[in-house]
Amino acid sequence: MNVTDILFVLFMAGGLFFFTTATIGLLRFPDFFSRLHATGKGDTLAVFLSLVGLGIYEGFSLTSLKIIFIAVFMFLAQPTATHAISRAGFRSGLKPWLKEEKKS
Amino acid sequence: MIQKSDDIIIKTLARILVPFIQIYALYVIMHGHYSPGGGFQGGVILAASIILLMITHGLKDTQKRMSEKTVAILSSSGVLIYAGIGVVCLILAGNYLDYSKLAKLLHVAPAHARSLGILGIEIGVGLAVMAVMFSVFFDISRGEVSQEDEDE
């Protein structure tokens, strides 16, 4: 059990933790925007951590370089896609969930 | 008609990502006979990059870079490259798409000529697929315009 294995396990565990919390948020939050908030942030970080963990496991090679490229691409594209979806939802007239509406 | 997005985040990121997507598409086309991929997949990725440009920067800006005439020329030249390589093999006394006969023309070993022939075929397929995918998307989005005009 050397340093690389410990780092790999730590990164993968972090990725799985954030995937789980994002999925719980998707299932439990009340409306479109808060669900998007949970999955957009949680999944971005989880994918980044998992891919960096796989890159560490692979060591220095062409494959790990490709994995790092995918991680950077996901890190740029995923928040932007979330932003575009939430913007489209807001523009098409979806009202954000408010606590007062639930009481009345 | 697809309007230009007025959101600076989406526009900037699309502008940054489109060249990298296109380089990746060329990699998929060129590496098709060693790894998964090939002309069809690479052409679709190339078309997806232009469609991304179109849904973020609008129809007019994309038409300046890629007009309908260019799309028609690209799609027909892709088919011409594919069929042309096949016919050249026929002329050199082989079967249709029998790349090893290209060795006389290119002055290389038959195995190497086969690899180059597949590469040429994949470039042709990639060009044709890219142009046709884009023209399908182009026609769909232009169909919306005439519908709206009729309503008005």
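Residues numbered from 1 in each chain as written. Chains lettered and ligands numbered in written order. Predicted model: local features only at pLDDT ≥ 70, side-chain atom pairs only at ≥ 80, totals over all residues.

A. Spotlight on the overall build of chain A. Tallying secondary structure elements over chain A gives four helices and zero strands in all. The linear arrangement of helices and strands in chain A, starting from the amino end, is α-α-α-α. At 17 Å, chain A has a C-alpha radius of gyration far larger than the 13 Å of a compact globule built from 104 residues. Its C-alpha atoms put chain A at 60 × 25 × 15 Å along the principal axes. Classification of the 104 residues of chain A by burial places 17% in the buried group. (Helix = DSSP H or I, 4+ residues; strand = E, 2+ residues; numbered from the N terminus. Rg over C-alpha atoms; globule rule 2.2 N^0.38 Å. Buried ≥ 20, exposed ≤ 12 C-beta atoms within 10 Å, placed from the backbone.)

B. Main features of the packing of helix 1 (residues 3-28) of chain A against helix 2 (residues 32-58) of chain A. Residue and element names in this part refer to chain A. Look at helix 1 against helix 2: their axes get within 8 Å of each other, and the N-to-C directions meet at 165 degrees. Comparing their axes, helix 2 and helix 1 come out roughly antiparallel. Of the two possible hands of crossing, helix 1 and helix 2 adopt the one that is left-handed. When its residues are assigned to classes, the contact of helix 1 with helix 2 shows 15 nonpolar, nine polar and two charged. (Axes fitted to C-alpha atoms, helices over the stretch in contact; angles between N-to-C directions. Parallel < 35°, antiparallel > 145°, perpendicular 65-115°, else oblique. Left-handed = near helix turned anticlockwise from the far one by under 90°. Nonpolar A, V, L, I, M, F, W, Y, C, P; charged D, E, K, R; others polar.)

C. The arrangement of helix 2 (residues 39-65) of chain B in detail. Helix length check: helix 2 of chain B (27 residues) gives 23 Å between terminal C-alpha atoms against 39 Å at 1.5 Å per residue, more than 12% under. Where helix 2 of chain B bends most, the angle comes to about 125 degrees, and this point is G58(B). (Expected span 1.5 Å × (residues − 1). Bend = angle between axes of the 7 residues up to and from the residue.)

D. Representation of the interface of chain B and chain A. At the interface, five residues of chain B touch six residues of chain A. Looking at side-chain class alone, the side of chain B that touches chain A contains four nonpolar, no polar and one charged residues. (Contact = placed C-beta atoms within 7 Å.)

E. Region of the structure containing the packing of helix 1 (residues 8-30) of chain B against helix 2 of chain B. All names here are of chain B. Following both chains from N to C, one finds helix 1 and helix 2 inclined at 170 degrees, their axes separated by 8 Å at the closest point. The angle between helix 1 and helix 2 places the two elements in the roughly antiparallel class. Of the residues in helix 2, those in contact with I10, K11, A14, V18, I21, Q22, Y24, A25, L26, V28 and I29 of helix 1 are G39, Q41, G42, I45, L46, A48, S49, L52, L53, T56 and H57. Within the contact of helix 1 with helix 2, the residues separate by chemical class into 14 nonpolar, seven polar and one charged.

F. Representation of helix 1 of chain B in the model. For helix 1 of chain B, spanning 23 residues, the distance from its first C-alpha to its last is 34 Å, which sits close to the expected 33 Å at 1.5 Å a residue. If you look at helix 1 of chain B, its biggest bend is around 30 degrees, right at L17(B), and the proline P19(B) turns up within four residues after that.

G. Geometry of unusual backbone geometry. All names here are of chain B. Positive phi is not limited to glycine here, since A93 has a value of about 65 degrees. Of note, A93 is situated in the loop between helix 3 (68-91) and helix 4 (103-106). The class for A93 is exposed, based on 9 C-beta atoms found within 10 Å.

H. Summary view of the nonpolar core. Residue and element names in this part refer to chain B. In this structure, A47, M130 and F134 are the most contacted members of the largest nonpolar core, which totals 28 residues. Counting only elements with at least two residues in this core, the list comes to helix 1, helix 2, helix 3 and helix 5 (110-151). Here this core gets twelve residues from one element, more than from any other, and that element is helix 5. For A47, the contacting residues outside a window of four places in its chain are M130, M133 and F134. (Core = buried A, V, L, I, M, F, W, Y, C linked by C-beta atoms within 7 Å.)

I. How the structure looks around the environment of G94(B). Tracing the sequence through the fold places G94(B) in the loop between helix 3 and helix 4. If near-sequence neighbours (up to four positions away) are discounted, G94(B) is found in contact with C89(B) and K101(B).

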